[in-house]
Amino acid sequence: MKVAVIGGGLAGLTAAAYLSESNRVEGVLYERSPHLGGRAFTYEKNGFILNYGAHAIYGMDRHDLSDIAQELGLTFESREVDKRKVMYAKGGRLISAPLNFVNLLKTDLLTATQKVRFVGEITSIIAQLHKMKNYPTLGDFLRESKADEEIKELWVHLVCSNFFLSPEDACQVPGPVISDYYHNLFLSRRPVNYILGSWSVITEQLKDKIERSGRFQIRLKDPIESISLDGDRFLLRSKTNETAYDRVILAMPLQQALRLLATTPWGPPLASYEGNTPTEVLIYDLGLREVVARPFAYISDMDHKLFISDVSATDPSLVPQGGQLLQGVAYLTDRHGREEEYDRYLEDRQEKMESLFDRYYPGWREAVVVKRVSKKAMVTSVKNVLGNELLPITLPDVPFYFCGDGCAGKGELAERAFSSARAAARLVLEEAQTPLPVR
Ligand SMILES: Cc1cc2nc3c(=O)[nH]c(=O)nc-3n(C[C@H](O)[C@H](O)[C@H](O)COP(=O)(O)OP(=O)(O)OC[C@H]3O[C@@H](n4cnc5c(N)ncnc54)[C@H](O)[C@@H]3O)c2cc1C
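Let me begin by describing the structure that accompanies this report. Just so it is clear, the structure is predicted and the values come from calculations on it, not from any experiment.

### What to know about the site of the ligand
Near the ligand you find 33 residues, and of these Glu31, Arg39, Ala56, Gln256 and Asp405 are the closest. Residue Arg39 places a main-chain N or O atom 2.7 Å away from an oxygen atom belonging to the ligand. In the environment of the ligand, an oxygen atom lies 2.7 Å from a nitrogen or oxygen atom belonging to the side chain of Asp405. The protein chains hide 96% of the 1000 Å² of surface that the ligand would expose on its own. By residue number, the principal contributor to the shell around the ligand is helix 15 (residues 413-433), which donates three residues. Taken together, the residues of the shell around the ligand sort by class into 20 nonpolar, nine polar and four charged. Structurally, the shell around the ligand is a two-domain feature, drawing no fewer than three residues from each of domain 1 (2-41 + 198-276 + 384-433) and domain 3 (279-380).

### Considering the sheet that holds strand 20 (residues 401-402)
The parallel open sheet is built from five strands, whose spatial order is 10-2-1-14-20. Edge positions in the sheet fall to strand 10 (216-219) and strand 20, since each has one partner strand and no second. Sitting on the sheet, helix 1 (residues 10-19) touches strand 1 (2-6), strand 2 (26-30), strand 10 and strand 14 (247-250), and the angle it makes with strand 1 is about 160°. Its contacts with the sheet place helix 10 (residues 254-261) against strand 1, strand 14 and strand 20, and it is angled at close to 135° to strand 14.

### A few points about unusual backbone geometry
One non-glycine residue, Asn46, lies in positive phi territory at about 50°. As for its position among the elements, Asn46 is in the loop between strand 3 (42-45) and strand 4 (48-51).

### Here's the deal with the sheet that holds strand 12 (residues 233-238)
With respect to topology, three strands assemble into an open sheet ordered 11-12-13, the strand pairing being antiparallel. Looking at the sheet topology across the chains shown, the edges are occupied by strand 11 (224-230) and strand 13 (242-245). Recorded for the sheet is a direction-independent mean angle of 25° between the axes of neighbouring strands. Here strand 12 runs beside strand 13; their pairing, made up of four bridges, is antiparallel. Within strand 13, the residue paired with Leu235 across the bridge is Ala244.

### Describing the nonpolar core
The biggest cluster of nonpolar side chains holds 56 residues, and the ones touching the most others in it are Phe118, Leu138, Trp155, Phe164 and Tyr182. Counting residues per element, this core draws most heavily on helix 6 (residues 149-163), which supplies eight residues. Shared between two domains, this core holds at least three residues of each, these being domain 2 (98-187) and domain 3 (279-380). Core analysis: the second largest hydrophobic core is formed by 43 residues, Val25, Ile57, Trp199 and Ala421 among them.

Definitions and cut-offs
Residues numbered from 1 in each chain as written. Predicted model: local features only at pLDDT ≥ 70, side-chain atom pairs only at ≥ 80, totals over all residues. Heavy atoms only, no water. Near = heavy atom within 4 Å. Polar contact = N/O pair within 3.5 Å; in protein donor to acceptor, adjacent residues only side chain to side chain. Areas by Shrake-Rupley, 256 points an atom, 1.4 Å probe, with all protein chains shown as cover. Helix = DSSP H or I, 4+ residues; strand = E, 2+ residues; numbered from the N terminus. Nonpolar A, V, L, I, M, F, W, Y, C, P; charged D, E, K, R; others polar. Domains from an automatic or database assignment. Pairing = 2+ DSSP bridges. Contact = heavy atoms within 4.5 Å. Axes fitted to C-alpha atoms, helices over the stretch in contact; angles between N-to-C directions. Core = buried A, V, L, I, M, F, W, Y, C linked by side-chain atoms within 4.5 Å. Buried < 20%, exposed > 50% of the residue type's maximum accessible area, 1.4 Å probe, protein only.

Here it is as structure tokens:
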């Protein structure tokens, strides 16, 4: 069976790595840019190792990446962010983040009674008895909950930080999604980890595995420009050639997949996914020549919904000797008003971020060696909120497979890219075991 994978991000690489294990499959992975990784692209600048996205893994021991690593024989290390140094800032106060029971007991965020109540909520989420799963959204649950405002605020803040969402959007996350997600995370023994050495440690191994198989090729700078039917095969026209395939996996952000298929017979069945909105953030990376301050590993500003990770406190291999790598992320609300208004809003988010740096990392401006600000970075191509619908891996009337962080799958962010890619590859591999059905 000849298979094309379109997209060389985490999803495309994962799908192709699984496919490359079968001697019944051969194929090509097409990537339009000069490098692999997509939004998990890792690059080096002046000795600092930066990711376009970020490489925090939430709930490592229960994350699909752990299973995938085992199945594909990937090796990497990860280190847990020091929980004692994860702080929340609220109304000028610094508070220990209630990430586990020890921190929960220490935190000033909640009173003793509220702590008991919150422990009860965690326990019922773990036991899958929490009422949350019966509510359309977190906001609906909170409106009816009799809990104190502090507990409600904590719920919203947790969802903001794990889903990279503004508070308004956090309240729109479906109850069952929250219930499942925190069931996993509260049971995890490793809630926040960084992959040591960055995403490239994973993407390099996936690439090697694909190439070593001898059955799969990787073509960089070769975007797929159109797909059409060629008898019972699919003709893919890329920048450099035209090739027919038995099966095609689209491993790209939803918006790009819809654009590619818009003028094909498969555009109309996908039309209902056009209204989906992505999750976007403002991201502010700073490579500093020296450690200007190290008060925490992670500080989350509850008042302004921004956070800064001292990435190099957890993974010193990402900086040159003595340097410091800080990554600021500001959650964004959807575009509103006129363009100039939204631009002003983004300016304001950037200023708030810089004030947070000023407050906890004085002297950063003089120590900057590398700076990267992206005002609208797409974290996931489909925001997991009510009104949006994640794209299924297969759909009636569309003969392709889809994967990526805009697709249905386990978890959030990159976990969804990994889990949907594994599921898509499995379906193709199942088909490869049996003679190809005639369409
Ligand atoms: C700022 C930021 C912070 C993040 N932080 C985290 C985090 O801490 N933890 C986490 O788990 N996740 C995080 N993420 C999310 C994570 O990076 C993404 O979920 C993941 O990288 C998405 O992978 P993907 O393969 O689905 O899509 P992509 O990475 O977008 O890959 C799609 C690929 O397809 C290629 N392509 C598109 N069209 C074509 C075409 N026609 N022909 C050929 N190639 C094509 C693109 O060039 C791209 O390389 C973050 C993302 C961002 C932006």
